[in-house]
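# Working through the structure, step by step
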Amino acid sequence: MDWRAETQALREQALPEIATDDHLLALDERRVRWLGRNGLITKLLRSIVSAPDAERREFGAAANALKAEVEAALEHQIAKVKAAAPDSRLTEQDDLTLPGRPVRLGRMHPISRTIREISRIFLSMGFEAVEGPEIEWDYYNFEALNIPKGHPARDKFNTLWASNPLGDDPSRPMLFRTHTSPMQIRIMEQRKPPIRVIVPGRCYRFEATDATHESVFFQYEGLAIDEKLSMADLKGVLYSFARQLFGGERKVRFRPDYFPFTEPSAEIAFDCFVCDGSGQKDGGRCPTCWGSGWIEAAGCGMVHPDALRRVGYDPDKYQGFAFGGGVDRLAGLLTGTPDIRLFHQNDLRYLESV
Ligand code: DAH
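Every value quoted in this text rests on a predicted model; they were computed, and no experiment measured them. (Residues numbered from 1 in each chain as written. Predicted model: local features only at pLDDT ≥ 70, side-chain atom pairs only at ≥ 80, totals over all residues. Heavy atoms only, no water.)

### Some details on the site of the ligand
Around the ligand, 17 residues are found, and the nearest of them are H179, S181, Q184, R205 and E221. Taking F323, its main chain carries an N or O atom lying 3.2 Å from an oxygen atom of the ligand. Protein contact buries 95% of the 360 Å² of open area that the ligand shows by itself. When its residues are assigned to classes, the shell around the ligand shows 6 nonpolar, 8 polar and 3 charged. (Near = heavy atom within 4 Å. Polar contact = N/O pair within 3.5 Å; in protein donor to acceptor, adjacent residues only side chain to side chain. Areas by Shrake-Rupley, 256 points an atom, 1.4 Å probe, with all protein chains shown as cover. Nonpolar A, V, L, I, M, F, W, Y, C, P; charged D, E, K, R; others polar.)

Structural data, given as structure tokens:
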């Protein structure tokens, strides 16, 4: 066959074929058949070099014209198929009856949920939620809270010391904060009374872990400073907190305690929301409060006059109360989690179940 006849034959075959394809996959195969590396038109183009000198030009032009026509036809047909069936991306291999892949929804971590709930309750009483640094100066974590070097109260905070990337200065040691109380000082330095803040945040202690202790844990700190604040205000706020968090007519127990930065200081507990303080549940020991009837919630007290003086407040004019407790324990109680370490192991099977 001479090249004229061949070119014409290919045209008469290719164009009608392409025009009948109604599937993108078929069109793809068609493109390979005609224009692929071993495609029929590609072969035709390759044969141009062996045509007689006198005809080569004309042959080349005709073959390239055919190629352009077939390309245009393919494009036209692809557009047509797409317009007719937008889902023509689907192939015969797609089984529309298969169940869909589940979309996993994220949810809030139980600790975050508890922090939100604690903050919401204090916000409703006029407190503002603020956050502070987790890497802290010894000054704020200890000194300014009446815990100077050598003070025995330092022993109970098994401190993780940090090295200062700007160079260690032995007179200004740095640490991972062991409690949220340093924020009491920072806030008082920055603001003037009246103050009402709640400070949730991560704390660190270098200690062995067990079901109720973790070396990384969360606390919430409360601070209120105003004229004429008393222990009665502290009690009222914490009663309201207990009832909003655990419901009912929760009682609050105050027992004397000692903290260097509050005077007087107390330890607070709420009567158990599971056994209503009886310590008994279903004929046995209540598993939530371990039979004591009380749930220890926080340390608290009236802000020490020395701490007020240190930030330039006049203790004869201003008083304040403060409290600080563990978030993980409350989260454990609210979700029925027997071991707070479960909160930090990132086992989604557990975290999704509470
Ligand atoms: N920061 C103390 C701790 O971690 C708890 C505490 C006690 C906080 C008394 C206070 C307070 O605000 O007034 O053991």
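The rest of the description comes next.
### Here's the deal with unusual backbone geometry
Negative phi values dominate among residues other than glycine, just as trans dominates among peptide bonds. The omega angle of the peptide bond from P193 to P194 is 0°, so this bond is cis rather than trans. Geometrically, the link from E263 to P264 is a cis peptide bond, its omega value of -5° lying close to zero. Along the chain, the position of P264 falls in strand 8 (residues 262–271). Here the phi dihedral of N146 falls at roughly 65°; this positive angle occurs in a residue that is not glycine. Counting through the fold element by element, N146 comes out in the loop between helix 6 (138–141) and strand 3 (161–162). (Helix = DSSP H or I, 4+ residues; strand = E, 2+ residues; numbered from the N terminus.)

### With respect to the packing of helix 8 (residues 231–246) against helix 10 (residues 327–335)
At a closest axis distance of 11 Å, the pairing of helix 8 and helix 10 adopts a crossing angle of 40°. Here helix 10 runs oblique to helix 8, going by the angle between their axes. Together, F241, L245 and F246 of helix 8 and L330, L333 and L334 of helix 10 make up the contact between the two elements. (Axes fitted to C-alpha atoms, helices over the stretch in contact; angles between N-to-C directions. Parallel < 35°, antiparallel > 145°, perpendicular 65-115°, else oblique. Contact = heavy atoms within 4.5 Å.)

### Remarks on the pattern of salt bridges
Scanning all chains against the criterion turns up 23 salt bridges. Between E143 and K149 there is a salt bridge, with its nearest N and O atoms 3.9 Å apart. Take E143: its relative accessible area is 27%, and that puts it in the partly exposed class. On the basis of relative accessibility, which here comes to 52%, the residue K149 falls in the exposed class. Ionic pairing is found between E267 and R253, a salt bridge with its closest N-O pair at 3.4 Å. Of this pair, E267 sits in strand 8 while R253 sits in strand 7 (residues 252–259), and the two are 14 residues apart along the sequence. By relative accessible area, which is 17% here, R253 ends up buried. Look at the salt bridges and you will find they share partners, linking E17, D21, R30 and R33 into a network. (Salt bridge = Lys/Arg side-chain N within 4 Å of Asp/Glu carboxyl O. Buried < 20%, exposed > 50% of the residue type's maximum accessible area, 1.4 Å probe, protein only.)

### Remarks on the packing of aromatic side chains
Within this structure, the stated rule accounts for 15 aromatic pairs. Measuring from ring centre to ring centre gives 5.4 Å for F122 and F127, while their planes differ by 70°; the resulting arrangement is edge-to-face. Note on F122: relative accessible area 0%, which makes it buried. Taking the relative accessible area as the measure of exposure, F127 reaches 6% and is therefore buried. For the pair F241 and F270, a centre-to-centre distance of 6.1 Å together with 65° between the ring planes defines the contact as edge-to-face. With F241 in helix 8 and F270 in strand 8, this residue pair connects regions lying 29 residues apart in the sequence. Stacked on the ring of W137, the Lys or Arg R172 has its end atom at 3.8 Å from the ring centre. The positively charged end of K235 is found above the aromatic ring belonging to F254, 5.3 Å away from the centroid. (Phe/Tyr/Trp six-rings, centres within 6.5 Å; stacked < 30°, edge-to-face > 60°. Lys NZ or Arg CZ within 6 Å of the ring centre and 35° of its normal.)

### A closer look at the pairing of strand 6 (residues 216–226)
Within strand 6, 10 of the 11 residues are buried, which leaves it mostly tucked inside the rest of the structure. Where strand 6 lies against strand 12 (residues 319–326), 8 bridges are found, and the strand directions are antiparallel. By the bridge assignment, L223 is partnered in strand 12 with A322. (Pairing = 2+ DSSP bridges.)

### Thoughts on the side chain of S265
Take S265: it is sitting in strand 8. A distance of 3.3 Å separates a polar side-chain atom of S265 from the backbone nitrogen of F259. A polar side-chain atom of S265 sits 2.7 Å from the main-chain carbonyl oxygen of T262. Non-local contacts of S265, meaning those with residues more than four positions away in its chain, are made with R255, P256, D257, Y258, F259, C300 and G301.

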